[in-house]
Amino acid sequence: MAVTEPSEPTEPRDTKQPSDPVRPTLTLGEDRVDLETWAGSIPQTGGIGPRIRVGRNRWFALLWLLPLGFVVVIASVAAAKGLRNIPAVESFITNHPGTLITARARANPGFPWWLNAQHFLNLFLMTFMIRSGWQILADHPRLYWTRHSTPGKEWFRIQKPVPENPLWTAKEDSVRLPRHVGLPGTRHTIGLARWWHLGVDVIWLANGILFYVLLFATGQWQHLVPTSWEVFPNALSTAIQYASLDWPTEHGWVAYNGLQLIAYFVTVFIAAPLALLSGLGMSPALSTRFKRISKVLSIQVARSLHFLVMAWFVFFIVIHVTMVFTTGMLVNLNHMFAARNSNSWLGFSVFAIAMAFVAITWLSASPFTIRHPRLVQRTGRRIIGPVEHLFEHLDSAPGEYSEADISPYFWHNGRYPDSAEYQHLAEGNFEDYRLAIGGLVDSPVELSLADLHALPHHEQITQHFCIQGWSGVAKWGGVSMQTILDLVHPSSEAKWVVFYSFGEGADGGPYYDAHPINEMSYQLTMLAYDMNDEPLTFGHGAPLRLRNEVELGFKQVKWIRSIEFIAEFSEIGSGFGGYNEDHEFFGYRQAI
Ligand SMILES: Nc1nc2c(c(=O)[nH]1)N[C@H]1C(S)=C(S)[C@@H](COP(=O)(O)O)O[C@H]1N2
Ligand SMILES: [Mo]
C-alpha cells in the first residue's frame, strides 16, 4: 500500500515528554481512494436483490413487485372503467369533482419564485441524500426491528444470509453499489457517504425550515394543507378518474386536487420530519441520554423507519414526476419552474437546464468523492462537525440496560491481530501483558492484567452502535476510566486520550483512536476485560478494550496495547484523530 508524505514538515517534538513507542509505527492514510487497495483491498463484492422476510424463514424478492404492480395497475384501470358505468359513481364524481377551490384560494392563486427555487433546491439535495443513504445501508445491508441485530432475524436484506463463520465481521458483510447508484458506490465507503448524507442534510433542513416559515408567513400553506374533510372524497374521486384514464380538470395554479393535497401534505409535513427524527434515533449519544425514548425507538426501529421514509420519498418521486409529465406537462412545469400559469415553453426550458445541472452533479459526485476524499471529509466536518460536537456533551449515564436486554448475538468487526507479539501474549494467557499509560500525565504507569483486576471493579450493560448500522447490548466488566485518571493524574495540557491497539487497521499499521479527555470521566467510559461475565474473547478485544458510550463503535479500540494522554492529535498518524479517520475518512467526533 502506497504511503503519502505528510502535507507539512513537522517540528521536532518537545523532548521532555517521551512519546508512545507505537507512534512512529503508525501508517499514513492516502489522500485518495485507490479502488485496488481500498479498505485493505476488500474485493468489490455486490449484494443481492432486496428481500423481505415473511414468516420465520421465507424471503420474498421485492423485484416481484414490478410485475405485480403492473398487474395491479391494469386491474385498477379495468375496475375504474367499470365503476364509471355505474350512475351512483358518476354522481359521486359530479358532487366531488376532485378539487375544492375555496374563496381564499381563488383570491391568492399562483406560486412565488421563492417556492420554485426551494422546490428545485430540495430535489437537488434529495439526490445526494438518497444515494448516500443507500450507500450507508449497503455497509450493513440488513434491517431489523430489535436492537439485537441477530442474523436471520432481519426483516429486510440485500445480502446473502450471514455465513456460519463465528468470526465473520460486519465489514465482510458490506456490499458495493453501482458507482452512480450509491454515493460513492465503492464497498465500505461509509465514512465518505456519511459526510454527504449528514452534510447535505444540514442544508436540506435549513431549506426545509425556511420553506415552513415562508409557507406560513405568506399564506402559501393553503396550497399544501387540506382545510376540509372534503379532501378525502375528492381524493377518492380523483383516484377513480385517473385510474379510468378520463382525467379530472387540473386547477393546480389555484388549488391541488384531493390526491395531490394528501400526497404533498404527507411528504412535507409527515415524511420530512420523520426523516429527521428517525435519523436522530440512530445516534449513540442521544440514545443513551434519552433512554426512555430509545427503549421504544431503538436504533434499529429508527433505521428501519428511516428506510421506509426513503421508500416513501422514492415512491412519491416516481408517481409525482409521472403525473407532472402526463397531466399537462408545459403548464405544470411553468407553475414550478417559472412561477407562471401558461402553456409556454419557458418552464420547460428552465426545467431542462435544471435537470442538466442535476445530471452533471449526479454523474460527477462519485468520481469526485473518490478523487478528493479529504475535501469531502473536511467540508463535511465543517458543516456537521459542530452538531456532532454538541451531542458529545450529552450525559451517557442513563444508557444502562438490564441482564434481560443482553443480545444473544454480538457482531464482530475490524481486523484481527496476528502479530507474533500478540500471539505470544495470548498463548501465555496475557500474564506478560503490560498496559503502558503515559504521555501528559504526572504518574505514568504500567499495569498487568492482575493490576487491572486489583483496581475497583466497574460493570455496565450498554448498547454498542457500529457506524455501519448494527447494534448489540452487552455487559462489560473492568475498570472505570475515572479510576485510571485518578491513578495517572493527567496534566492540564492533556486534551485527548489516544488508545493504541495490538491489532492493525485494514491497510496495515497499528489501529488507534483519540478521544476527548472530558469523555473519560463519563460514568459509562471504561476499560473492559470482561464481556457478559466471561473474560473478553479474542474476537471482542482480549485482553482489554475501550467502552465510551457516547461514541460510535469504531472508536471502541479493541486489543489495547497502550494509552497516551496528549494535547492534540495533529502529529499522530495522518493527524485526523484515529486509524479510520486517517485511512477511511471517518470523523473523529462520532456521537451521531
Ligand atoms: N483494534 C481495533 N479495534 C477496533 C476495530 C478494529 O478494526 N481494530 N474495529 C472497531 C469497530 S468498527 C467496531 S464496530 C468495534 C466492534 O467491536 P466487536 O467486534 O467487539 O463487536 O470494534 C472497534 N474496535
Ligand atoms: Mo464499526
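Reading the values: rules and limits
Residues numbered from 1 in each chain as written. Chains lettered and ligands numbered in written order. Predicted model: local features only at pLDDT ≥ 70, side-chain atom pairs only at ≥ 80, totals over all residues. Heavy atoms only, no water. Helix = DSSP H or I, 4+ residues; strand = E, 2+ residues; numbered from the N terminus. Expected span 1.5 Å × (residues − 1). Bend = angle between axes of the 7 residues up to and from the residue. Buried < 20%, exposed > 50% of the residue type's maximum accessible area, 1.4 Å probe, protein only. Contact = heavy atoms within 4.5 Å. Pairing = 2+ DSSP bridges. pLDDT = per-residue confidence, 0-100.

Participant: Can you tell me about helix α14 (residues 346–371), naming the residues and giving the values?
Facilitator: Owing to its 3.6 residues per turn, the α-helix brings residues three or four apart onto one side. Helix length check: α14 (26 residues) gives 37 Å between terminal C-alpha atoms against 38 Å at 1.5 Å per residue, within 8%. In α14, a bend of some 35 degrees at Ala 365 exceeds every other bend along the element, and Pro 367, a proline, comes one to four places later. When α14 is considered as a whole, its buried residues turn out to be Gly 347, Phe 351, Ala 354, Val 358, Thr 361, Ala 365, Ser 366, Pro 367, Thr 369 and Ile 370. Looking at the buried side of α14, the elements it contacts are α5 (113–139), α7 (190–218), α12 (299–326), α13 (329–338) and α15 (373–392).

Participant: Tell me about the sheet that holds strand β4 (residues 156–157), residues and numbers included.
Facilitator: Taken together, four strands build an open sheet; the order of strands is β2-β1-β4-β3 and the sheet is antiparallel. Of all strands in the sheet, those bounded by a partner on one side alone are β2 (58–61) and β3 (142–143). Taken together, the two bridges between strand β1 (residues 51–54) and β4 define a ladder with antiparallel strand orientation. Bridge pairing in β4 places Arg 51 opposite Arg 157.

Participant: Let's hear about the environment of Met 329: which residues, and what values?
Facilitator: Inspection of the secondary structure assignment puts Met 329 in helix α13. For Met 329, a relative accessible area of 21% corresponds to the partly exposed category. Taking the C-alpha atoms as reference, Met 329 lies 42 Å from Gln 44; in sequence the two are 285 residues apart. Non-local contacts of Met 329, meaning those with residues more than four positions away in its chain, are made with Val 324 and Phe 348.

Participant: Can you tell me about the confidence of the model for the protein chain, naming the residues and giving the values?
Facilitator: With 97% of its residues at a pLDDT of 70 or more, the protein chain has an overall mean of 95. Counting contacts from residues 1–15, a segment whose pLDDT is below 50, to residues more than four positions away or on other chains yields 14 contacts.

Participant: Before we move on, could you go through helix α8 (residues 231–243) and cite the residues and values that matter?
Facilitator: Spanning 13 residues, α8 covers 18 Å between terminal C-alpha atoms, matching the ideal 18 Å at 1.5 Å per step. Each element contacted by the buried residues of α8 is listed here: α2 (65–83), α3 (87–95), α9 (258–280) and α12. Immediately downstream of α8, the backbone of Leu 245 shows phi near 65 degrees, a positive value.

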